Structures are given as C-alpha cells and as structure tokens.
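# Analysis of the macromolecular model
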Amino acid sequence: MDILERIRQRAAANLQHIVLPEGDDPRTVVAAAQCTRQRIARITLLGDENGIRETARDRGVDLGGVAVIDHRRAPDFEKMVAFFHELRKAKGMMADEARTIVADPLYYGI
C-alpha cells in the first residue's frame with residue numbers, strides 16, 4: 001500500500017469537516033468534489049453559490065455531498081459581523097469595517 005492510500009484510509013476513518021473559502025477557484029471546486037467522493041473529508045465551499053455551481057458544471061464535476069454557502073447571504077452573517085466587531089472594537093474597529101472584513105470568505109470561514 002502506498003503512502004497516499006494510507007493517508008486516505010486514515011482520513012476516512014476520522015472524517016473531518018473542512019471549510020474552503022476559495023470557492024471561486026475552479027481547482028478548489030474540483031478538489032472539493034474529489035475529497036467528498038473519496039470520503040477524505042466533509043467539505044464546505046464558501047462563495048457565490050451560483051458561480052460555484054456553474055464552475056462545477058463547466059468542469060463536469062458533481063458537487064453532491066459538498067455544502068455550498070454564499071457567506072454574504074448566510075443567515076448568520078450579521079451574527080458573525082457582530083462577533084468580529086466585538087473582538088476588535090477595543091482596537092478601534094467600527095461595525096461597518098467589521099462587515100466589510102467578514103464579507104471576505106477568508107474571515108467568514110474562520
């Protein structure tokens with residue numbers, strides 16, 4: 001058994017959840033589908049849902065089992081903004097600045 005197969009087996013034995021904020025990157029979309037299909041991890045892609053699904057169609061990829069969240073339209077977006085603002089307000093961050101920052105999928109995914 002080669003090293004990659006051992007890694008796959010270990011991953012499948014202890015399935016983890018991975019959030020990928022680069023949902024607009026075609027390579028990420030393909031990798032998310034592969035990881036889900038091979039049961040390496042549970043994957044959530046962040047980004048524009050329509051764009052992600054269109055990328056998957058263009059690449060001939062099935063996103064079955066992959067969660068896709070448009071973080072800017074998520075029901076908890078304002079909650080995340082308030083949480084981030086609370087963490088940073090002592091350093092002078094305003095609520096509108098927190099909203100702009102949390103709109104970046106890298107921050108929302110944390």
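Residues numbered from 1 in each chain as written. Predicted model: local features only at pLDDT ≥ 70, side-chain atom pairs only at ≥ 80, totals over all residues. Heavy atoms only, no water.

Glancing now at the pairing of strand 1 (residues 16-20). Walk down a regular strand and you will see the side chains alternate between the two sheet faces. As defined by bridge partners, strand 1 adjoins strand 2 (residues 41-46) across five bridges and the pair is classed as parallel. Paired with leucine 20 across the strands is leucine 45, a residue of strand 2. Assessed by its sense of winding, the connection that carries the chain from strand 1 through helix 2 (residues 26-37) to strand 2 is right-handed. (Pairing = 2+ DSSP bridges. Helix = DSSP H or I, 4+ residues; strand = E, 2+ residues; numbered from the N terminus. Right-handed = clockwise from strand over helix to strand, strands pointing away.)

The next thing to look at is the sheet that holds strand 2. Ordered by their spatial adjacency, three strands build an open sheet running 1-2-3, and the pairing between neighbours is parallel. Of all the strands in the sheet, the pair left with one neighbour each is strand 1 and strand 3 (67-69). Averaged over all neighbouring strand pairs, the angle between strand axes comes to 20°, with direction disregarded. Across the sheet, helix 2 is in contact with strand 1 and strand 2; its angle to strand 2 comes to roughly 155°. (Axes fitted to C-alpha atoms, helices over the stretch in contact; angles between N-to-C directions. Contact = heavy atoms within 4.5 Å.)

On to the nonpolar core. Grouped burial of nonpolar side chains is what soluble globular proteins tend to show. Membership of the largest hydrophobic core is limited to 12 residues, which are Val29, Ala32, Ala33, Ala41, Ile43, Leu45, Ile52, Ala56, Val61, Leu63, Val66 and Val68. Elements supplying a minimum of two residues to this core: helix 2, strand 2 and helix 3 (49-59). With sequence-adjacent residues up to four places away left out, valine 68 is seen in contact with Leu45, Glu49, Ile52, Arg53 and Leu63. Counting residues in hydrophobic clusters, the runner-up holds nine residues, among them Ala74, Phe84, Ala98 and Tyr108. (Core = buried A, V, L, I, M, F, W, Y, C linked by side-chain atoms within 4.5 Å. Buried < 20%, exposed > 50% of the residue type's maximum accessible area, 1.4 Å probe, protein only.)

This next bit is on helix 3. Those residues of helix 3 lying buried are Ile52, Thr55 and Ala56. Along the axis of helix 3, the buried residues cluster in a sector spanning 100°; they form a single face. When the buried face of helix 3 is taken as reference, the exposed residues oriented beyond 90 degrees from it are Asn50, Arg57 and Asp58. Structurally, helix 3 contributes buried residues whose contacts are with helix 2, strand 2 and strand 3. Following helix 3 by one or two positions, glycine 60 adopts a phi angle in the positive range, close to 70°. (Arc of directions from axis to C-beta.)

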